[in-house]
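# Tertiary structure, described
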Amino acid sequence: MSSVLYDSPGPLARRRELVGSIVGVLILLGLVGLGLWYAAQRGVFDADRWDVLYDPPKNQTAANVWRSLLVQGLGATLRAAVFAAPLALFLGLLLALWRTARLRWLRVPAIAAIELFRGLPVLLMMFFGFLALGMPAFQAVVFGLVIYNMAIFAEILRAGLASLPKGQAEAAYAVGLTRSQTLMSVLLPQAVRTMMPSLIAQLVVLLKDSSLGFIIGYAELLKSIQNNSQYFGPQYLVALFTVGASIYLVVNLSLSWLARWLERRTSRTSAPARDAEMVAMQASGSGIVSADT
Amino acid sequence: MDVIADNLPAYLQGFSLTLRLTLYAGGLALAIGLVLAAMRVSPLRPMRGFAATYVELLRNTPLTLVFFFIILVAPRFGVLLPLDFIGFAVVALTLYTAAFVCEAIRSGINSVGIGQAEAARAIGLTFGQTLNQVILPQAFRTVIPPLINVFIALAKNTSVAAGFGVVDLMGTGRRLATANPGGVTWVLVGVALGYLVITITLGAIAAQVERKVAFTR
């Protein structure tokens, strides 16, 4: 798809672009090749630096290595996220509802909690659970993730509620629904639907942040890479890191693509009022710049 | 409570390092992110592809992984940067944040009404003129609040450096916590106050700017 910023190229420009593209790609490939050649000179790609993945030394089988990476490492990462995400969503929902309280002094604690936890690093909250509350590493990781992300989820839901047209609440009151009925059966379902892409994007962030457990000593994916490279020797670090980074990318990219797919679907079927900031951060499909590369 | 007062100099040192990390990495990420955003909307397909790939990769990689790569893995490739841990932290934070800066700027460009670009094209402005004289001046205003949000996230993200040998605010808290096992809670409250000073200030600025920009559109 072409952009409105420039004419769709004619035959001459297209030929020029083709030549430019080929030259650009060649230069890029050349640079990458140079880098790889330099690395290869240092023996990065020698088989004895990668055999840890298929024929590891020290009487270990490849299955052992992969099990420690995938089952223990990735498993621990996912376990932290799977425990933290529903809890954070639930508490975030509570906070978001609390925030809509009609009495000002009732509302204030919720706003204060959201603003406070949004402004602190996740790592600090993990350390708080780990050092101050004396939790084991796993609980501390979940604690940090829950406290931080519940504030973010509450904020996303608030933006979702604010983005709904006023008529929705007015109509609900007009047909005689109570405040809580209006919120639960009219406003919230729409807000969740509108904000679904943001919620999933935040889930990716949550999953990414679980890697901070590495710093407080939780044995997640990154830690298992380090443990393996300490056990088998530092020459395997590149191979193990490549595998670990690929695992992260596969998991996160698929979640991101799910978010984008959902966004395309919802933007086609409904056109709710837009909260400029939230939508702008997610904007991809419609606009001056086309989403595809 | 006394723990904070007793160790005020250490806290201030950590705070100033956190602030410096944020400023250095923020400035560099802004520059790289601007270039990436320009590449992302450019007519040349390889440039668009490169910028899009970079953003997509870095946005889906945990920051801890980037730190791990710069400090432990890159030297194995023969990339030996003549830097200390603070320098490594700035590099990692810059590479990571640049992707988010690019996205914020791109979304700002997207928020300008499509008719603006069409009108500019219709009176015969070139790509560069359209971008520089019509789109970017308008995008600039909407882009500031999301950009500040990126910098708030950066200020919080600098804490990851504490896990990789940097004694910033978080690292100071870690040291003090080991030194004062009895007052860990207060030690960490002190650290939290330091971060809140940065994030709440930036957040207030963002809200202010947002209010100012709001009525123009």
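These numbers come from a predicted model, not from an experiment.

### Notes on the overall build of chain A
Regarding its fold elements, chain A presents 13 helices and 0 strands. Secondary structure elements in chain A, listed N-terminal to C-terminal, are α-α-α-α-α-α-α-α-α-α-α-α-α. Counting over 293 residues, chain A shows a buried share of 44%. A separation of at least 24 residues holds for 71% of the contacts in chain A among residues at least 6 apart in sequence. Total accessible area on chain A is roughly 14800 Å²; 66% of this is exposed by carbon and sulfur atoms.

### Observations regarding a nonpolar patch on the surface
There is a patch of nonpolar side chains on the surface, built from Leu18, Ile22, Val25, Leu26 and Leu29 of chain A and spanning about 490 Å² of accessible area. Along the chain, valine 25 of chain A turns up in helix H1 (residues 11-41).

### Observations concerning the interface of chain B and chain A
With 62 residues of chain B at the interface, the matching set in chain A holds 58 residues. Summed over both partners, the interface of chain B with chain A comes to about 5400 Å²; 68% of that surface belongs to carbon and sulfur atoms. At the surface where chain B touches chain A, the tally comes to 1 salt bridge. Note that glutamate 56 of chain B is salt-bridged to arginine 260 of chain A, the shortest N-O span being 3.0 Å.

### Topic: the packing of helix H2 (residues 8-41) of chain B against helix H5 (residues 85-111) of chain B
Residue and element names in this part refer to chain B. Packing of H2 against H5 leaves a shortest axis separation of 6 Å and a crossing angle of 45°. Compared by their axis directions, H2 and H5 come out oblique. Note on packing geometry: the crossing formed by H2 with H5 is right-handed. For the contact of H2 with H5, the class distribution of residues is 21 nonpolar, 3 polar and 3 charged.

### With respect to the packing of helix H4 (residues 104-118) of chain A against helix H6 (residues 137-163) of chain A
Any two packed helices are characterised by how steeply their axes cross, that is the angle between the axes, and by the distance between the axes. Residues and elements named next belong to chain A. Put simply, H4 and H6 touch, their axes get as near as 8 Å, and they point 120° apart. Taken together, the axis directions place H4 and H6 in an arrangement best described as oblique. Handedness of the H4/H6 crossing: left-handed. In contact with Ile114, Phe117 and Arg118 of H4, H6 contributes Ile147, Tyr148, Met150, Ala151, Ile152, Ala154 and Glu155. Residues that form the contact of H4 with H6 fall into these classes: 8 nonpolar, no polar and 2 charged.

### Topic: the side chain of glutamate 103 of chain B
All names here are of chain B. Inspection of the secondary structure assignment puts glutamate 103 in helix H5. The class for glutamate 103 is buried, based on a relative accessible area of 11%. Look past the residues within four positions of glutamate 103 in its chain and what remains in contact with it is Arg40, Val55 and Arg59.

### Things to note about the confidence of the model for chain A
Taken as a whole, chain A shows an average pLDDT of 81; of its residues, 86% reach a score of 70 or greater. Within chain A, helix H13 (residues 276-282) of chain A has the poorest average pLDDT of any element, 43, and H6 of chain A the best, 91.

Here is what the cut-offs are and how they apply
- Residues numbered from 1 in each chain as written.
- Chains lettered and ligands numbered in written order.
- Predicted model: local features only at pLDDT ≥ 70, side-chain atom pairs only at ≥ 80, totals over all residues.
- Heavy atoms only, no water.
- Helix = DSSP H or I, 4+ residues; strand = E, 2+ residues; numbered from the N terminus.
- Buried < 20%, exposed > 50% of the residue type's maximum accessible area, 1.4 Å probe, protein only.
- Contact = heavy atoms within 4.5 Å.
- Areas by Shrake-Rupley, 256 points an atom, 1.4 Å probe, with all protein chains shown as cover.
- Patch = residues over 30% accessible without salt bridge, like charges linked within 9 Å, V, L, I, M, F, W, Y side chains within 5 Å.
- Salt bridge = Lys/Arg side-chain N within 4 Å of Asp/Glu carboxyl O.
- Buried area = accessible area lost by both parts, 1.4 Å probe.
- Axes fitted to C-alpha atoms, helices over the stretch in contact; angles between N-to-C directions.
- Parallel < 35°, antiparallel > 145°, perpendicular 65-115°, else oblique.
- Left-handed = near helix turned anticlockwise from the far one by under 90°.
- Nonpolar A, V, L, I, M, F, W, Y, C, P; charged D, E, K, R; others polar.
- pLDDT = per-residue confidence, 0-100.

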